[in-house]
Amino acid sequence: MGENAPMIVSRSFFQRIPFIRISSLFLIGILINHYLQIDFYALGILLTLLLSILIFMWNNSQLSGIKIQNLLIILSILVCGMLYPNKINGKYLPTRLDQKDYFLAEICQRPLEKAKTYQSILWIQGRSYPKNEKVIVYFSKEKFDTTLKPGDQVILFAKPQEIKNMGNPFEFDYQSMMHNKGIDFSIYLSPGTYRKTGLRINRFRYLAEQARDKLVTLLAATKIENEECAVISALTLGYRAELDPETLNYFVNTGTIHVLSVSGLHVALIFLILSFLFSGMNKGKFGAILYPTLLLLFLWIYAFITGFSPPVQRSTVMFSFVIIGKVLRRPVTIYNSLLASALVLILLDPNVLFDIGFQLSYLSIFGIVLLQPPLESMIKVKNKSLKWAWTLLAVSMAAQLITFPLSILYFNQFPNMFWLSNYCAIPGTTILMWLTFGFFITSPIPFISGILAQIIQFTTNLMLLILKWISELPHAVIHGIVLSPIQTSIMYACLFACIIYGFSKNKTWLFGSLILLITLQISALYGKYELFNLKSIYVYNSKNSLIHLVNGRSNYIVCVGKYKATRQEINMIQNVCNHLKLQSPKFIELTKVDRFDAPDLRINDKTLRFLNCRINYSDQLKFTIQATDLMKFRRKNPELSKNEIVHEIPITRYASLNGKITYAINFTAHIKKAVCVFLE
C-alpha cells in the first residue's frame, strides 16, 4: 500500500501499525493518572504482578494463552503510562518560594519588551532551595540593563510570587498553562534589585538563540518596513515578539495563525525544499545513506537557527522519524513514524501532552495524511493549475476537519474563510521562506541581498493586504462558539466513526456516529435548558468593580467603580455571555445612575436588590441572600464557604414563607475579588 493511498481500516492494518496501540495505551495511562491520581505504590505492585504473570506464561503457544499474553501486555503498557508522569501531579503544590531573599539566577531567554516591562525566563537557586526553580521575570523599564542575554548569571533580591488565575468565570487557565511549562512562580525586579555577576553559562540552546537573534538583526538592518520585518521574523524564524496585535488579528481571523508559529508547516516546507535540492543525490547505495543524512542534518540546523523553540523541536523530531521510516522502507511507515515521534516526545516530557500546540500540530498532520488523499481523489483534475488549487484545498479541508473541535474548545471561534486565506498564506509563506533564506545566504553581497529584501518587502505587504481584505469580509469569522470538554470528546468520537465508515463502509460505524450525533444534540439542548434557567451573580476581579447579574438570558453589568470599562473587561464580559448564551447586557454605571428600577433589579441608596439577594456596596460587598432550601444553596455554591474572600456565613432562620422556612445567608466579600453565587 502506498503512503498516499486511502487507508483501509482492518485488523491487519492496525497490526502493521504497532505504535497506534502502544502510543494510545501509554497516553490513556498518563491521562488516567493525571485526572484520578492513583497511588504510586499500588501501581508498582500491579505492574510487577502483571510482568511476573507475563514471564510465567511467555512460552505458552496455545491460542488462549496468546490472548492472555496480549491482554497482559496491554495492561502493562497502560500501567506504565499511569506510572510515568509523576512530575505532572501535585499541580497546585509547587515548591514554596515565599520569602524575599537573595537568589542566584540564570537568564534563559532574551528579554522581550512589553508595554511596561521586559519579560524573560530565569532559573533561580537560593540558599534554602538547592534545586533550581524556573520562574517568569518582569524587569522594570527604569534603568533596565539592555546588555542582558541568555546565559548571563545575575544575583537578585526578590520574593517569588505564585502564579494564580484571576478567578473570573470561564477565563483562560493561565496557571495550568505555565505549570505545564514547568513555571509556577513570577518575579518583578525593580532597579537595584538585580546585578550581573560577570559569569556566563554556556548551553547549546543559548547558542541557538544567539544565532536567531543575529538573523533577526540582519533583517532589521534592511529597508524592510517594521510591520513586514516582524512578520518575516515570525514566518521564518519563529520570533513573534515584535508583531503588532492588529497584524496578528489578520492571521487569527483568517485561520492562518499557524503560519506565524514555526512548527509543522514550516518544517514540512523546509523538508520539501531540501528534498528538491538534494533529489539528485538519492541514487545508489552511497546516495541512499547520504540523502537522508543531509535531510536530517539541515532540518536540525533549521531547528537550531530558530532558537530550538518547542514547536520546531516537535516538528523536527516528527519529520526525523518520517525520514528514518523511509530509509527503513517499512509498510504504512508514515503512521508509525508520526505515532513513534509523539511517543518519544511524551517520554521526554509528559507535560507536552497538555500543550495546545502539540495537540493541534499532530492532529493536523494526522488529518492531512489520513484524509487528504481520499478528499483529493473525489474529483479528478487533469489541468496542472487546477490540480494544484484542488490539492491545496484538500489539504486545508483535511487539516481543518480534524482540528476544528479542538480549536473551538480553546478559541471559541471558527474562521469561515480558512479555505480562501490558505491560497494566499501557504504559497506566500513558501515563497517568503525561499526568498528569506536566499537573503541570509547572499547577505555578504549587498547588491543581491538588497534586491531580495525589496522583493521580500513587496511580497509580505501583498500577503498582508490580501489577509486583511479576507478578514474584513462579511461573516469571515463566527465568534462565541462554546463547546465543553465532554461535547468536544463526543464530537471527535462522532467524527472518527464517520471517517472509519468512509473507509470501511461498515454500517455499524455509521449507526454509531448517528447515535453520537444525537447524544451531542441532547447534551447541547440540556445545557441550554440549564442556562436559560440560570440565576447567578458574578463579581469580577478587575480594575473596575464590576458585578454581573444573570437572570435566564437577560443580564445586567453594574459598574461600581468610577472608571469606564476597558477593552479587556469588555472581552471578559463577552466571554461569559458567550458561555452562558446571554443577550447583550445592560450596563449600569452607579456614578451616573442614582436609582434603577426593573422587575428583577432595584438600585438605590448604595443597595442593590436582585431577585432574592441584597448587596450593600461601599468599601466591601455585603451579601444577604434569602433561601428556602439551604441544602440546595450549599450544593450550588460548594466553593463559597471555603473561598478566601468570604469572611463569614452566619445563617439566620426566618418565619415560614408560603409554607416554607426561609433562611438569610450573609457574607462579606472584597469589592474587587472574584465571587460567584448561584441563586435559587
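Residues numbered from 1 in each chain as written. Predicted model: local features only at pLDDT ≥ 70, side-chain atom pairs only at ≥ 80, totals over all residues. Heavy atoms only, no water.

Here's the deal with the sheet that holds strand β13 (residues 554-559)
Argument step 1. Pairing is mixed across the open sheet formed by five strands, whose spatial order is β14-β13-β12-β11-β22. Strand pairing shows two members of the sheet lacking a second neighbour, β14 (586-589) and β22 (675-678), which therefore form its edges. In this sheet, adjacent strand axes meet at a mean angle of 15° when their direction is disregarded.
Argument step 2. The sheet contact formed by strand β12 (residues 546-551) and β13 spans six bridges and is antiparallel. Its bridge partner lying in β13, L546 is registered against C559. (Pairing = 2+ DSSP bridges. Helix = DSSP H or I, 4+ residues; strand = E, 2+ residues; numbered from the N terminus. Axes fitted to C-alpha atoms, helices over the stretch in contact; angles between N-to-C directions.)

Some thoughts on the confidence of the model for the protein
Argument step 1. Summing up the model confidence of the protein, the mean pLDDT is 81 and the portion of residues at 70 or higher is 89%.
Argument step 2. Contacts for the low-pLDDT stretch residues 1-13, under 50 throughout, to residues beyond four places or in other chains number 19 contacts.
Argument step 3. Low pLDDT, under 50, characterises residues 87-95; the stretch is placed with 25 contacts to residues that sit more than four places away or in other chains. (pLDDT = per-residue confidence, 0-100. Contact = heavy atoms within 4.5 Å.)

So, a positive patch on the surface
Argument step 1. A cluster of basic side chains, namely K116, K543, K562 and K672, defines a positive patch on the protein surface.
Argument step 2. Here K543 lies in the loop between β11 (535-539) and β12. (Patch = residues over 30% accessible without salt bridge, like charges linked within 9 Å, V, L, I, M, F, W, Y side chains within 5 Å. Areas by Shrake-Rupley, 256 points an atom, 1.4 Å probe, with all protein chains shown as cover. Salt bridge = Lys/Arg side-chain N within 4 Å of Asp/Glu carboxyl O. Lys, Arg positive; Asp, Glu negative; His and termini not counted. Charge placed at Lys NZ, Arg CZ, Asp CG, Glu CD.)

Notes on the pattern of salt bridges
Pairing between side chains of opposite charge can happen when their charged atoms approach one another.
Argument step 1. Within the structure shown, the criterion is met by seven salt bridges.
Argument step 2. A salt bridge links K592 to E589, with the nearest nitrogen and oxygen atoms 3.8 Å apart.
Argument step 3. Overall, K592 belongs to the exposed group, its relative accessible area being 65%.
Argument step 4. One salt bridge in this structure joins R602 and D597, with 3.3 Å as the shortest N-O distance.
Argument step 5. Here the salt bridges do not stand alone but share partners, grouping D152, K196 and R200 into one network. (Buried < 20%, exposed > 50% of the residue type's maximum accessible area, 1.4 Å probe, protein only.)

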